[in-house]
Amino acid sequence: MTFYMLPKQFMAFNEQKNMFLFNFIDLLIVDEAGQVSPEIAAGAFALAKKAVVVGDIHQIEPVWSVNKSLDKALALASDTIKSIDQFNELEEAGLTSFGSSVMMVASKSCKYEKYDQKGLFLSEHRRCYNEIIDYCNKLVYRGNLNPMRGKGSDRKNRPLEHWPQMGYHQIATESSKKLGGSRYNEKEASYIAEWLYQHYEIIRSAYPDDLENNLIGVITPFKSQVWYIKSALKKKMPLLCNKISVGTVHTFQGAERNMIILSTVYGMNDGSYFIDANNSLMNVAVSRAKDHFFAFGDIRCLKDNQNSASGLIKSFIQSNPLSSVASIH
């Protein structure tokens, strides 16, 4: 159950009043703890004797309900700290309502340590081919992941064996358009729909034993682009559009697909601010792909510096244009 539901399940009625069953739960197991803000989970921990906290601080962060300034003011007003200077101590312990997560609190409280980090690091990765997860390994995991699936290029008779694990399709665009605080690129959306229309049966036949809904995912940084891609797919392939998952990075947290297509949206003159703003977003986007990760868009918007998320992905894909291989069945 969620943290919002759990306290109600451990409430008793005694002497004409409700009371919580503190220290009643023998073991509280928290999954996806990197997505939960500490104050939301605090009540549940008061009900448990022990806890196992599982998650990844390098994936999607929580949606914090307060900003840092308000967090400081509330900590001071509630006597949690005696002066503003002490707020740094809360931050170091992860005990803030902004900028932290249950996973961060747990890792800082854990007596175990691995790779100079608190907590037990689960290093074996089995979802993605090595060529794909290598990007995430370099981006956020400091090379500590141990890829277990092997290289796709070494697998003979694998599905779509002539297609690269990481590649791109160049769609020349000067700039994207804005809709409120979001962006969209209609040309890019139409091109993705056309490419999927032309290649869907090839992909489907390559994975005859897999459920169709698990084959293809299209990820984009912007909600507006989600709408344009869905509309283009519905127009181009109305009977199959529901078989293709389309959404922002957040909607794919915890999911996986045989093939992930990233719609970058940005044009050549836009830069790639949102892609580089948070490494966790690209870490999640790329690691959803089991067999293939393809970027569709104008790769000239991506940086040339490999120290950035966009620059690193550019270095992984730029030698594998899909135009040279995607027509091979």
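Refer to the structure above for everything that follows.
First, a word on scope: everything that follows refers to the structure included in this document. Every chain begins its residue count from 1, and numbering advances along the sequence as written. Local features are withheld for residues below a pLDDT of 70 in this predicted model, meaning they are given only at 70 or higher, and side-chain atom pairs are given and counted only at 80 or more; totals for whole chains, interfaces and linings count all residues. The side-chain values count all of the structure's non-hydrogen atoms but skip hydrogen atoms and water molecules.

**With respect to the overall build of the chain**
For the purposes of this entry, the term helix denotes a DSSP run of H or I that reaches at least four residues, the term strand denotes a run of E that reaches at least two, and both are numbered from the N terminus. Within the chain one finds eleven helices and 15 strands. For the C-alpha atoms alone, the extent of the chain along its principal axes is close to 70 × 45 × 40 Å. Whether a residue is buried, partly exposed or exposed follows from its accessible area with a 1.4 Å probe, protein chains only, as a fraction of its type maximum: under 20%, in between, or over 50%, in that order. The proportion of buried residues among the 329 residues of the chain is 47%. Contacts between residues were defined by any pair of non-hydrogen atoms, one from each residue, lying within 4.5 Å. In the chain, the proportion of contacts linking residues at least 24 apart, taken out of those at least 6 apart, comes to 70%. Summed over all atoms, the accessible surface of the chain reaches about 17600 Å², with 51% contributed by carbon and sulfur. Positive charge is attributed to Lys and Arg, negative charge to Asp and Glu, and no charge count is given to His or to the chain ends. In this description, the location of a charge corresponds to atom NZ of lysine, CZ of arginine, CG of aspartate or CD of glutamate. On the chain, the mean spot of the 37 positive side-chain charges and the mean spot of the 34 negative ones are 3 Å from each other. Each accessible area is a Shrake-Rupley estimate made with a 1.4 Å probe; only the visible protein chains count as cover when residues are assessed.

**Observations regarding unusual backbone geometry**
Note: most residues except glycine have negative phi, and most peptide bonds are trans. At Y115, a position not held by glycine, the phi torsion is positive, near 55°. Within the element layout of this structure, Y115 appears in the loop between β5 (113-114) and β6 (117-118). Phi is positive for D116, close to 60°, though the residue is something other than glycine. Within the secondary structure, D116 sits in the loop between β5 and β6.

**Focus: the nonpolar core**
Within this scheme, the nonpolar core is defined by two criteria: the residues are buried Ala, Val, Leu, Ile, Met, Phe, Trp, Tyr or Cys, and they are joined through side-chain atoms within 4.5 Å. Ranked by size, the top nonpolar core spans 39 residues in total, and within it Y135, M166, M282, V286, F293, I313 and I317 carry the most contacts. The set of elements that each furnish at least two residues to this core consists of α6 (130-139), β9 (166-170), β14 (257-263), α10 (279-287), β15 (289-297) and α11 (309-317). Setting aside anything within four residues of it in sequence, one finds V286 in contact with I132, Y135, C136, M166, F293 and I313. Listed in part, the 30 residues of the second largest apolar core include Y184, W195, I203 and M237.

**Quick notes on the pairing of strand β4 (residues 48-53)**
Bridge count between strand β3 (residues 25-30) and β4: five bridges; the pairing is parallel. The residue of β4 that forms the bridge with L28 is A51. For the crossover from β3 across helix α2 (residues 38-45) to β4, the handedness is right-handed. By this definition, two strands are paired if DSSP reports at least two bridges between them. Throughout, right-handed denotes a crossover for which the path from the first strand over the helix to the second runs clockwise when the strands point away from the viewer.

**Some thoughts on the packing of aromatic side chains**
We call Phe, Tyr and Trp rings a pair once their centres come within 6.5 Å, taking the six-membered ring for Trp, and we label the pair stacked below 30 degrees between planes, edge-to-face above 60, and tilted otherwise. Applying the stated rule across the entire model yields 14 aromatic pairs. Ring geometry for W64 against F98: centres 5.2 Å apart, planes inclined by 55°, an arrangement best described as tilted. Taken together, the residues W64 in the loop between β4 and α3 (68-77) and F98 in the loop between α4 (87-93) and α5 (102-109) connect sequence positions 34 residues apart. A ring pair is formed by Y135 and F316, whose centres lie 5.6 Å apart and whose planes are at 90°; its orientation type is edge-to-face. Of this pair, Y135 sits in helix α6 while F316 is found in helix α11, placing the two residues 181 residues apart along the sequence.

**Side note on the sheet that holds β15**
Strand order in the open sheet formed by five strands is β9-β15-β14-β12-β13, with parallel pairing between adjacent strands. Whereas interior strands pair on both sides, the edge strands pair on one side only; in this sheet they are β9 and β13 (245-248). Geometrically, the sheet is characterised by an average inter-axis angle of 25° between neighbouring strands, direction not taken into account. Both β14 and β15 contribute to a ladder of six bridges, which runs parallel. For helices, the fitted axis covers only the stretch in contact; all axes are lines through C-alpha atoms, and the angles between them, taken along N-to-C directions, range from 0 to 180 degrees.

**Focus: the pairing of strand β2 (residues 17-20)**
Where strand β1 (residues 11-14) lies against β2, four bridges are found, and the strand directions are antiparallel. Bridge pairing in β2 links A12 to M19. Adjacent in sequence and paired antiparallel, β1 and β2 are bridged by two residues, among which E15 carries a positive phi angle near 50°.

**Brief notes about the side chain of D291**
Positionally, D291 belongs in strand β15. A distance of 2.8 Å separates the side chain of D291 from the side chain of R149, its partner in a polar contact. Discounting residues that sit within four places of it in the chain, D291 has contacts with Y129, I132, R149, Q165, Y207 and N258. Here a polar contact is taken to be a pair of N or O atoms separated by no more than 3.5 Å, where protein atoms must pair a possible hydrogen donor with a possible acceptor and residues adjacent in sequence count only if both atoms sit in side chains.

**Comments concerning the pattern of salt bridges**
Think of it this way: side chains of opposite charge can pair up when their charged atoms draw near. Basic side-chain nitrogens of Lys or Arg form a salt bridge, by our definition, when they fall within 4 Å of a carboxyl oxygen of Asp or Glu. Per the counting criterion, the structure on display carries twelve salt bridges. A salt bridge links R126 to E124; its shortest N-O distance comes to 2.5 Å. Residue classification places R126 among the exposed positions, given a relative accessible area of 54%. Looking at E124, the relative accessible area reads 46%, which means it is partly exposed. D270 serves as the salt-bridge partner of R183, at 3.9 Å between the closest nitrogen and oxygen. Here R183, found in strand β11 (residues 182-184), pairs with D270, found in the loop between β14 and α9 (273-277); they are 87 residues apart in sequence, far enough to count as distant. The buried category is assigned to R183, whose relative accessible area is 16%. Taken together, the shared-partner salt bridges connect R127, E256 and K290 into one network.

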